[in-house]
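Spelled out from the first residue to the last, the chains are:
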Amino acid sequence: MTLLRQHATADHADLPGPATEPMLAAAEERMGISLPGDLRAWLFQNNLDLPEEDVDDEVACCGFDGFPDEGSFFLGIRAMEKLYANRSMPGGFDPPDQPDNPFWRNEWIPFLSDRDGWMGKFVDVRDGRVGRWFVGEITVTGEYESMAQYFDSVAEMLTKIADGSYPVCGVTEGRLVWS
């Protein structure tokens, strides 16, 4: 977030503040699952829920467009809960006949998505690893060993954008602009 604040000041200024412990505890209770430490630490810095008046009920997920890439965004607590509720299954995984290779497990908490909820990244509460899903494709678990490793990759991308060596994104008037 420091890199975003330094290089895309207008985008950073649009972001809301941190989550509070009561917000996280209430979300955990509603979801019926404890958020992993790395995800809680992220949310204590950045609860990226849109203001209520900006939420579009016609889309599966709402968030701040254009970060960390074009077409996807980090989820705030309300958006995480909504997407988690849409993905959770009574038996704990989907499809129910493939426990060893599911499309979705209830132990996965989404933290990044597109507007339709068709693709994104999740953190596995069992071991903290980050995976990704895309509807119609095989879900990838362990794409990153931790959220910290994932955010290191985001920081590397932002550094390249700032120095002009990331070919599909630049900064104009304090905003990330994707080509």
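Residues numbered from 1 in each chain as written. Predicted model: local features only at pLDDT ≥ 70, side-chain atom pairs only at ≥ 80, totals over all residues. Heavy atoms only, no water.

## Thoughts on the environment of asparagine 101
With respect to the helices, strands and loops of the structure, asparagine 101 is situated in the loop between strand E3 (93-94) and strand E4 (104-105). Sequence separation between asparagine 101 and serine 113 is twelve residues; the distance between their C-alpha atoms is 21 Å. (Helix = DSSP H or I, 4+ residues; strand = E, 2+ residues; numbered from the N terminus.)

## A look at unusual backbone geometry
Backbone geometry at glutamate 173 places phi at a positive 50 degrees, although glycine is not the residue there. Inspection of the secondary structure puts glutamate 173 in the loop between strand E9 (169-172) and strand E10 (175-178).

## Here's the deal with the packing of aromatic side chains
What the rule picks out here adds up to 14 aromatic pairs. With 4.5 Å between their ring centres and 25 degrees between their planes, tryptophan 42 and phenylalanine 151 make a pair best called stacked. Of this pair, tryptophan 42 sits in helix H4 (residues 37-45) while phenylalanine 151 sits in helix H6 (residues 147-162), and the two are 109 residues apart along the sequence. What links up through ring pairs into an aromatic cluster is the set Trp42, Phe74, Phe111, Tyr144, Tyr150 and Phe151. (Phe/Tyr/Trp six-rings, centres within 6.5 Å; stacked < 30°, edge-to-face > 60°.)

## Examining the packing of helix H3 (residues 21-31) against H4
When two helices pack together, their arrangement is given by the angle between the helix axes and the distance between those axes. Packing of H3 against H4 brings their axes to within 10 Å, and their N-to-C directions diverge by 135 degrees. Taken together, H3 and H4 sit at an angle that is classed as oblique. Viewed along their axes, H3 and H4 form a crossing whose handedness is right-handed. Note on element contacts: H4 touches H3 through Arg40, Leu43 and Phe44, opposite Glu21, Leu24 and Glu28. Class assignment of the residues belonging to the contact of H3 with H4 gives a composition of three nonpolar, no polar and three charged. (Axes fitted to C-alpha atoms, helices over the stretch in contact; angles between N-to-C directions. Parallel < 35°, antiparallel > 145°, perpendicular 65-115°, else oblique. Left-handed = near helix turned anticlockwise from the far one by under 90°. Contact = heavy atoms within 4.5 Å. Nonpolar A, V, L, I, M, F, W, Y, C, P; charged D, E, K, R; others polar.)

## Topic: the sheet that holds strand E1 (residues 68-69)
Strand-to-strand pairing in sheets goes through backbone hydrogen bonds, with the strands running parallel or antiparallel. Sheet architecture is open: six strands sit in the order E1-E2-E5-E6-E7-E8, paired in antiparallel fashion. Both edges of this open sheet fall to E1 and strand E8 (140-144), since each of them pairs with a single strand only. Pairing between strand E7 (residues 130-134) and E8: two bridges, direction antiparallel. Paired with arginine 132 across the two strands is valine 140, which belongs to E8. Docked against the sheet, helix H5 (residues 77-87) engages strand E5 (108-113) and E7, running at close to 125 degrees with respect to E5. (Pairing = 2+ DSSP bridges.)

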